[in-house]
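For reference, the chains in residue letters:
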2 protein chains.
Amino acid sequence: MSEKALTYLMESRDRLLQKLNEFLSIPSVSTDSVHKNDVRQAANFLETYLSEIGFENIKQLETKKHPIVYAEYTKAGPEAPTVLLYGHYDVQPVDPIELWDSDPFQPEIRDGRLYARGSSDDKGQVFMHLAVFEALMKTEGKLPLNVKVCLEGEEEIGSENLYSMLQEKKDLFQADFAVISDSGMVANNQPTILYGLKGFTGVEITVSGPDHDLHSGMYGGAVRNPIMALSHILASMKDVDEVVTIDGFYDGVEDLAEEERQLIKQVPSEDFVKATGITETVSEKGYTAKEHTMARPTLEINGIYGGYQGEGTKTIIPTSATAKITCRLVPGQDPDTIQQAIVSHVEKVAPKGVNVQVKKEKLSAKAYKVEPNHPLIQKAAESYTKAFGKEIVFVRMGGSIPVVEWIEDIYNMPIVLLGFGTPDDRLHSPNESFPLNSYDKGMETLVYYWNEVANR
Amino acid sequence: MSEKALTYLMESRDRLLQKLNEFLSIPSVSTDSVHKNDVRQAANFLETYLSEIGFENIKQLETKKHPIVYAEYTKAGPEAPTVLLYGHYDVQPVDPIELWDSDPFQPEIRDGRLYARGSSDDKGQVFMHLAVFEALMKTEGKLPLNVKVCLEGEEEIGSENLYSMLQEKKDLFQADFAVISDSGMVANNQPTILYGLKGFTGVEITVSGPDHDLHSGMYGGAVRNPIMALSHILASMKDVDEVVTIDGFYDGVEDLAEEERQLIKQVPSEDFVKATGITETVSEKGYTAKEHTMARPTLEINGIYGGYQGEGTKTIIPTSATAKITCRLVPGQDPDTIQQAIVSHVEKVAPKGVNVQVKKEKLSAKAYKVEPNHPLIQKAAESYTKAFGKEIVFVRMGGSIPVVEWIEDIYNMPIVLLGFGTPDDRLHSPNESFPLNSYDKGMETLVYYWNEVANR
């Protein structure tokens, strides 16, 4: 039953691209209050489109800032599965505007790519879903499964009101599984299943010594130096083999199975040295850099400061020093437990003569992972392969997507990340674009996927 | 022969204080070009005064910024010793001016202290010398020894041109010994011989990793974190017992003799905990805090920075991290050798995956120490005791006075530090003051000292 829908998409390609351009032309920059009405206009566009293609119970759920667009299709019947589809219609600001080769809100196709703010992140991918639903409705008269859409307008400003809305409207958003298309593939035309994301947690450590900066000649030798004390504390957290040496840090972390090492090996990885300008990669003892970034927890110092930072020399013992730390977590690690492990470690190693305070950062998330052989994932893999004509790769990513953790936390449903972006899309940067190859084959993938999933 | 001079000083006290106030009223702030003419005016004041009391060959040695006032008295004859007297007539800025209880350039006496910028550092102490010379000249018709004065106007901006001038005019400044009055006593009315100063040297360590800040999720696990690498390097330099763990750091440092430990024990030391607000003192294993600050070398991190320093969290691996380090050195340690030892240590411990650069700071100094039983020191001790009516204490100080090292370096002559300041003088701060007790008894000390030293 996919053939007709695919033919429809092909025949309607120009018209649908035109419609996408209309959507992309709305400057729905969520962070800028000047664009408040534009964000609303983008929500209205979605509301209209959803209505045109037969969705019901369409509404804009109001928040303190921008609305969440809700709509549902329930006519596939109680036997068919229900999917919760998440995406976002807000975009990043366009500054610095002078670095754009074309107007960010006047979409333009160049060299097989559609250039516009939001073309990849995430309006383009949201639109693909709606176009596929249109094609299925117009050719089959119905969708093969029930659908609930949740399209928010605040993703680029931290999804401030999404968590509470998901909690509050639990019945409304309830589904059998969730699909999110706000991620990418490891390379253009390389279908990719993202089956794991890291969680994260953070702390800020402040070592306080004297109540004012001291003359290093008068007091050096009597007073513990807060920067040296902080250095000792930090150095005790990770050894030169990049192994975290905090008691309990690896508790509950599952071993990396040989099978998964093979999966990781297959991923065409970026050249870390070339991409970052480092002299050579380093990674946790026993793991390759790819394994460590994708599947092993990390602890990074994100910033440090204390004492004199100007030109030349100032011979002081500073009053304090501060370091910011975040960890990326894998399944089996609980963010709160890890925070507490860091606190306990710091308390254990803090030298006398200084006060050490550890502030726990509020924002945290558990890791996400689905088994690569979960039926919903296997069907996704088959759909990708069929559309792109290329074997899929399975990847885990070091990054974190809060909404994934929230949906898992509140609904405990399987989540499938169907992303079609590519590493060259320049998300959040000037000249954001999306390859038409991803656009066409991504929609083909979705047509296959919905039919496969419904056909359980 | 001291009696007459002392009587003269007593009888002329009001007039001399008036004259000192005139000197202190000149805002000779060397760092501020607005005050360039004021600095010159202070030099002119000295020139006039030196001329009034019979000095000869008076001149202002021009430098790129402010002049060095030179004058000499040679009529004590070839048999009498010649002293080189160093002091400075420039002062620190007065900001924040609103914290002063009286105008910094309108001297005011309150509670036995003379409040004015420069009253202690160093115009007050320079003036005391000239007043004593005046008293000796007016009552004895001559000075008991030959004198060369070297009064600079750039001490508060790092004595930029002094070293080259001292080198260039080696014959002019040549003397048998030097006296410097730009230091203090350990407490008000506690005569103090400062017989040792620490030297210093410094380095700046920069650890560079990726060529831009990296997403910690995408690259954490593949890239060495520059802040963590720096922490490891710094932590390897000193252990928790405050012992420096750099190879060769203590080479050549003489043991602290039991005799000197006794001298140090006698020094009425300030309460480090109370003065600094720390929880407890820490010091090198085997040494008290007083011993460590006065007589043992130190290594302090003066500042550190790298990565994100703002509010909250930014999940990056930063491109670099930098730490500033200075060491205070004792006799037996060569600044260049210590710098090189740090460089070698860093090279040894620097982990792979990052670039580590060590910049050697240019300004450095060897430690200064005279034997407490040197005749010039013993005579100073006797003069102090006689004037203040109190047993002297001998101290070494953790601070450094570059001119001391320079005079030793160029002339290799004994240097006697006759300081009369007190810990409460608030040098460089609002409400700088100088106790009249130090003013009166300090001049008495100088009268005794010059007569004793001449009487060899």
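Predicted model only: the values in this text are computed from it and were never measured.

Novice: Which parts of the structure should I look at to understand the pattern of salt bridges?
Specialist: Side chains carrying opposite charge are able to pair once their charged atoms draw close together. Counted under the stated rule, the structure contains 36 salt bridges over all chains. One salt bridge in this structure joins Glu254(B) and Lys369(B), with 3.0 Å as the shortest N-O distance. Here Glu254(B) is found in the loop between α8 (226–235) and α9 (258–266), whereas its partner Lys369(B) is found in strand β15 (residues 368–369), with 115 residues between them in sequence. Residue Glu254(B) is classed as partly exposed on the basis of its relative accessible area, which comes to 44%. Residue class for Lys369(B) comes out buried when judged on its relative accessible area of 19%. Salt bridges linked by common partners bring Glu254(A), Glu260(A), Lys369(A) and Arg396(A) together as one network.

Novice: Explanation requested: the interface of chain B and chain A in the structure shown.
Specialist: In this assembly, 74 residues from chain B lie in contact with 73 residues from chain A. Between chain B and chain A, a total of about 6,100 Å² is buried, with carbon and sulfur atoms accounting for 55% of that surface. Three residues, Met228(B), Asn302(B) and Ile304(B), lead the burial of chain B against chain A; their summed loss comes to 10% of the area buried on that side. For the pair chain B and chain A, the number of links is two salt bridges. The salt bridge involving Glu242(A) is made with Arg224(B); its shortest N-O contact spans 2.9 Å. Summed over the shared surface of chain B and chain A, the number is 34 residue pairs in polar contact (both at pLDDT 80 or more). When residues of the side of chain B that touches chain A are traced back to their parent elements, those giving at least two are β10 (214–215), α7 (216–219), α8, α10 (272–276), α11 (289–295), β11 (298–307), β12 (316–317) and β13 (320–329) of chain B. The greatest single-element share of the side of chain B that touches chain A, amounting to 10 residues, is contributed by β11(B).

Novice: It is not clear to me how the UniProt feature "domain: Peptidase M20 dimerisation" (unreviewed entry) in chain A should be interpreted in this structure. Could you clarify?
Specialist: Listed under "domain: Peptidase M20 dimerisation" (unreviewed entry) in the UniProt record, and renumbered for this structure, are residues 195–353 of chain A. Helix makes up 31% of residues 195–353 of chain A and strand 23%, and the two end C-alpha atoms of the span are 48 Å apart.

Novice: Looking at this structure, how should I read unusual backbone geometry?
Specialist: For residues that are not glycine, phi is negative in most cases, and the peptide bond is trans in most cases. Residues and elements named next belong to chain A. That bond from Asp-121 to Asp-122 is cis: its omega, 0°, falls within 30 degrees of zero. In the Ramachandran plot, Ser-159 falls in the positive-phi region, its phi being about 50° despite a non-glycine side chain. Within the secondary structure layout, Ser-159 lies in the loop between β6 (146–152) and α5 (162–168).

Novice: I tried to follow helix α1 (residues 2–11) of chain B on my own but got confused; where do I start?
Specialist: Along an α-helix, residues three or four apart share an orientation, since each turn contains 3.6 residues. Residues and elements named next belong to chain B. Among all positions of α1, only Ser-2, Ala-5, Leu-6, Tyr-8 and Leu-9 are buried. Projected onto a plane normal to the axis of α1, the buried residues spread over an arc of 155° and lie on a single side. Of the exposed residues in α1, the ones pointing more than 90 degrees away from its buried face are Glu-3, Lys-4, Met-10 and Glu-11. Close packing links the buried residues of α1 with α2 (13–24), α4 (123–140) and α15 (436–454).

Thresholds, definitions, all that
- Residues numbered from 1 in each chain as written.
- Chains lettered and ligands numbered in written order.
- Predicted model: local features only at pLDDT ≥ 70, side-chain atom pairs only at ≥ 80, totals over all residues.
- Heavy atoms only, no water.
- Salt bridge = Lys/Arg side-chain N within 4 Å of Asp/Glu carboxyl O.
- Helix = DSSP H or I, 4+ residues; strand = E, 2+ residues; numbered from the N terminus.
- Buried < 20%, exposed > 50% of the residue type's maximum accessible area, 1.4 Å probe, protein only.
- Contact = heavy atoms within 4.5 Å.
- Buried area = accessible area lost by both parts, 1.4 Å probe.
- Polar contact = N/O pair within 3.5 Å; in protein donor to acceptor, adjacent residues only side chain to side chain.
- UniProt positions renumbered as here; feature names shortened; annotations may be inferred.
- Arc of directions from axis to C-beta.

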